[in-house]
There are 2 protein chains.
Amino acid sequence: MKSPNPNPPQICEDTMLPIITTFAWVPPFARGFVRDIRARWACEEVGQPYDVVLIHNAKTPEHRCYQPFGQVPTYRDDEVEIFESGAIVLRIAERAGQLIPADPAARIRAIQWLVAALNSVEPFVMAIAVNDIFEADRDWSKARHAKVAEDLQARLHDLEAALGDTEWIDGDVFTVGDLMLVSVLGGLRGSQQLDSFPKLASYVERGEARPAHRKAMADQLALYAEPVAA
Amino acid sequence: MKSPNPNPPQICEDTMLPIITTFAWVPPFARGFVRDIRARWACEEVGQPYDVVLIHNAKTPEHRCYQPFGQVPTYRDDEVEIFESGAIVLRIAERAGQLIPADPAARIRAIQWLVAALNSVEPFVMAIAVNDIFEADRDWSKARHAKVAEDLQARLHDLEAALGDTEWIDGDVFTVGDLMLVSVLGGLRGSQQLDSFPKLASYVERGEARPAHRKAMADQLALYAEPVAA
């Protein structure tokens, strides 16, 4: 980054594991949805151990040195320091030589689906969450819900057609594209938005049932297990 | 793709130039904003000639073989066939060995900014366009404008702070990250949303003043120059 933190955490560069930064605490409705899950999941898929650095406030000047929008996760390894879950997942995959096919055409299609998840699907998933949760107190929120849901359903319809009857989005190999699509669609967990799309729902189930996802999710949720009040 | 078009255009594979697919016609308000500009711009930056295939309707089953969401652009070269402007720009850059630094850390930061443009900036740019243009006839559109603008302004504030006083987003080298950020912010052209952010506005101006962008934009606009009525 151009403006490095003047007081970086002291880390032994020689022996460091990759570090994923995430929130020390989030409200109950956000648990299981914090985007560090994507970095954790990628690490678990490729067998890469990692450390977690917890922060209480992402809006500080220190954290914005690493994440200009004041969000999580950030990621650091012995060579790079980055934010943006899509780039982090790509980095973990490329570093390990896994989750991305070697064939040039299959490789760029995997990246294509990672980008599609983030740019062509996630905005619709986020729009309904923002409208129904974060903007629930606005005068227009209830009236707008139907339009937001209609747009999302149209997008899910197209995505289900693209998935067809294959196991993963580009065939029978699980890639970073699937990891990101499943994670983005996982943002609909607890809603009924996938009810009309059995193939997509099964696809998300298949992805979330992978041992690497289960481990990553359990680790995120364990972080937010409330201590019993004394 | 898993479901290739049963009737693909006949192309001589040996001599083919990369092909960018875009719309034969768009309404005046969309001219200069069609996302083929990103693919065109990347080709011009790296000196890669390309052909354009024009379609009248992106919602046909044939086109959805190449773009499941029924949008443009799509891209094809002698090795790959993809959609999603972020992946297309990355492909053009990697194929040419340009617009992406060779240093691993600088390389992934360039990709990080490309992803950030698409996932952390564009949804806010699109939200205000959708609210103010495509949803202008909804009861809630006017009342909602202030909230959408407030969210966008906050995001632009953070992005301007990240840009600081450097020429390009990661320093003095123009990369795919800049190409995508400038293109995404170009979506605000004609609005007053950048008025409070002189550094960002200058950044967009610098990007759009590059000869490669001027050529790409001129070529897109030439496509939509209306013939004089006979």
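Under an unreviewed UniProt entry, chain A has the name Glutathione S-transferase and belongs to Sphingomonas glacialis.

Caption draft 1: Focus on the overall build of chain A. Along the backbone of chain A there are eight helices and four strands. Counting from the amino terminus, helix and strand elements in chain A follow one another as β-α-β-α-β-β-α-α-α-α-α-α. Its C-alpha atoms give chain A a radius of gyration of 18 Å, near enough to 17 Å, the size a compact globule of 230 residues would have. Each principal axis of the C-alpha distribution contributes one length, and for chain A these read about 50 × 50 × 40 Å. When each of the 230 residues of chain A is scored for burial, the buried share is 53%. Partitioning the contacts of chain A with sequence separation of at least 6, the portion at a separation of at least 24 is 70%. Computed over 23 positive and 33 negative side-chain charges, the inter-centroid distance for chain A is 3 Å.

Caption draft 2: Highlighting the interface of chain B and chain A. Contact with chain B, which involves 51 residues of that partner, is made by 51 residues of chain A. Across the chain B to chain A interface the summed buried area is about 4,200 Å²; carbon plus sulfur atoms make up 60%. Where chain B meets chain A, there are six salt bridges. The residue E94 of chain B makes a salt bridge to R107 of chain A at a minimum N-O spacing of 2.9 Å. Counting the contacts that link chain B with chain A gives 14 residue pairs in polar contact (both at pLDDT 80 or more). Looking at the side of chain B that touches chain A, the elements with two or more residues in it are β4 (81-83), α3 (85-96), α4 (104-134) and α5 (141-163) of chain B. Considering each element in turn, the side of chain B that touches chain A owes the most residues, 16 residues, to α4 of chain B. Among the residues forming the side of chain B that touches chain A, the class breakdown is 25 nonpolar, eight polar and 18 charged.

Caption draft 3: How the structure looks around the side chain of Q112 of chain A. Tracing the backbone through its elements, the reader meets Q112 of chain A in helix α4 (residues 104-134). If we ignore the near neighbours within four places in the chain, the residues touching Q112 of chain A are E81, I82, F83, E84 and A87 of chain B.

Caption draft 4: Quick peek at the packing of α4 of chain A against α3 of chain B. Here α4 of chain A crosses α3 of chain B at 145°, and the two axes come no closer than 8 Å. Judged by the twist between their axes, the crossing of α4 of chain A over α3 of chain B is right-handed. Contacts between α4 of chain A and α3 of chain B pair R107, I108, I111, Q112 and V115 of chain A from the former with G86, A87, L90, R91 and E94 of chain B from the latter. Here the residues of the contact of α4 of chain A with α3 of chain B sort into five nonpolar, two polar and three charged.

Caption draft 5: Spatial organisation of the sheet that holds strand β2 (residues 51-55) of chain B. Residues and elements named next belong to chain B. Taken together, the four strands give an open sheet; going across it, the order is β2-β1-β3-β4, and neighbouring strands pair in mixed fashion. On the outer flanks of this sheet lie β2 and β4, each paired with one strand and no other. Strand after strand, the sheet turns through a mean of 25° between neighbouring axes, direction not considered. Judged from the three bridges that link them, strand β1 (residues 19-23) and strand β3 (residues 74-76) form a sheet pairing that is antiparallel. Among the inter-strand pairings, I20 is bridged to a residue of β3, identified as Y75.

Caption draft 6: Just the relation of the copies chain B and chain A, in detail. Of the transformation superimposing chain B on chain A, the axial component is 0.0 Å and the angular component is 180°, with the fit at an RMSD of 0.0 Å. Both copies of the chain, as the preceding transformation shows, are related through a two-fold rotation axis. In this assembly, 100% of the residues forming the interface of chain B have copies in chain A that are likewise at the interface, indicating an isologous arrangement.

Caption draft 7: Just the pattern of salt bridges, in detail. Residues and elements named next belong to chain A. If you walk through the whole model with that rule in mind, you get 38 salt bridges over all chains. Between R95 and D77 there is a salt bridge whose closest N-O contact spans 3.5 Å. One end of the pair, R95, is in helix α3 (residues 85-96); the other, D77, is in the loop between β3 (74-76) and β4 (81-83), with 18 residues separating them in the sequence. Judged by relative accessible area, which is 34%, R95 ranks as partly exposed. The closest approach of N and O atoms between K215 and D219, which form a salt bridge, is 2.6 Å. Linking K215 with D219, this pair stays in helix α8 (residues 211-223), spanning four residues, or about one helical turn. Residue classification places K215 among the partly exposed residues on the basis of a relative accessible area of 40%. Salt bridges sharing common partners tie together D77, D78, E79, R91 and R95.

Caption draft 8: Highlighting the sheet that holds strand β2 (residues 51-55) of chain A. All names here are of chain A. What the four strands build is an open sheet, ordered β2-β1-β3-β4; its pairing is mixed. A single partner strand is all that each edge strand has here, and the edge strands are β2 and β4. The average undirected angle you get between the axes of adjacent strands in this sheet is 25°. Across three bridges, the pairing between β3 and β4 is antiparallel. By the bridge assignment for β4, R76 is matched with E81. Each of β3 and β4 is contacted by α3, which is oriented at about 135° to β4, the strand it contacts most.

Caption draft 9: Layout of the pairing of strand β1 (residues 19-23) of chain A. Residues and elements named next belong to chain A. Burial analysis of β1 places four of its five residues in the buried class, which makes it a mostly covered element. As defined by bridge partners, β1 adjoins β2 across five bridges and the pair is classed as parallel. By the bridge assignment, F23 is partnered in β2 with I55.

Caption draft 10: Spotlight on the environment of S191 of chain A. All names here are of chain A. Summarising the element assignment, S191 is placed in the loop between α6 (176-185) and α7 (198-209). The spatial distance from the C-alpha of S191 to the C-alpha of I169 is 22 Å, given a sequence separation of 22 residues. Within the structure, S191 has its side chain in polar contact with the backbone nitrogen of Q193 (distance 3.2 Å).

Definitions and limits used
- Residues numbered from 1 in each chain as written.
- Chains lettered and ligands numbered in written order.
- Predicted model: local features only at pLDDT ≥ 70, side-chain atom pairs only at ≥ 80, totals over all residues.
- Heavy atoms only, no water.
- Helix = DSSP H or I, 4+ residues; strand = E, 2+ residues; numbered from the N terminus.
- Rg over C-alpha atoms; globule rule 2.2 N^0.38 Å.
- Buried < 20%, exposed > 50% of the residue type's maximum accessible area, 1.4 Å probe, protein only.
- Contact = heavy atoms within 4.5 Å.
- Lys, Arg positive; Asp, Glu negative; His and termini not counted.
- Charge placed at Lys NZ, Arg CZ, Asp CG, Glu CD.
- Buried area = accessible area lost by both parts, 1.4 Å probe.
- Salt bridge = Lys/Arg side-chain N within 4 Å of Asp/Glu carboxyl O.
- Polar contact = N/O pair within 3.5 Å; in protein donor to acceptor, adjacent residues only side chain to side chain.
- Nonpolar A, V, L, I, M, F, W, Y, C, P; charged D, E, K, R; others polar.
- Axes fitted to C-alpha atoms, helices over the stretch in contact; angles between N-to-C directions.
- Left-handed = near helix turned anticlockwise from the far one by under 90°.
- Pairing = 2+ DSSP bridges.
- Least-squares fit on C-alpha atoms with pLDDT ≥ 70 in both.

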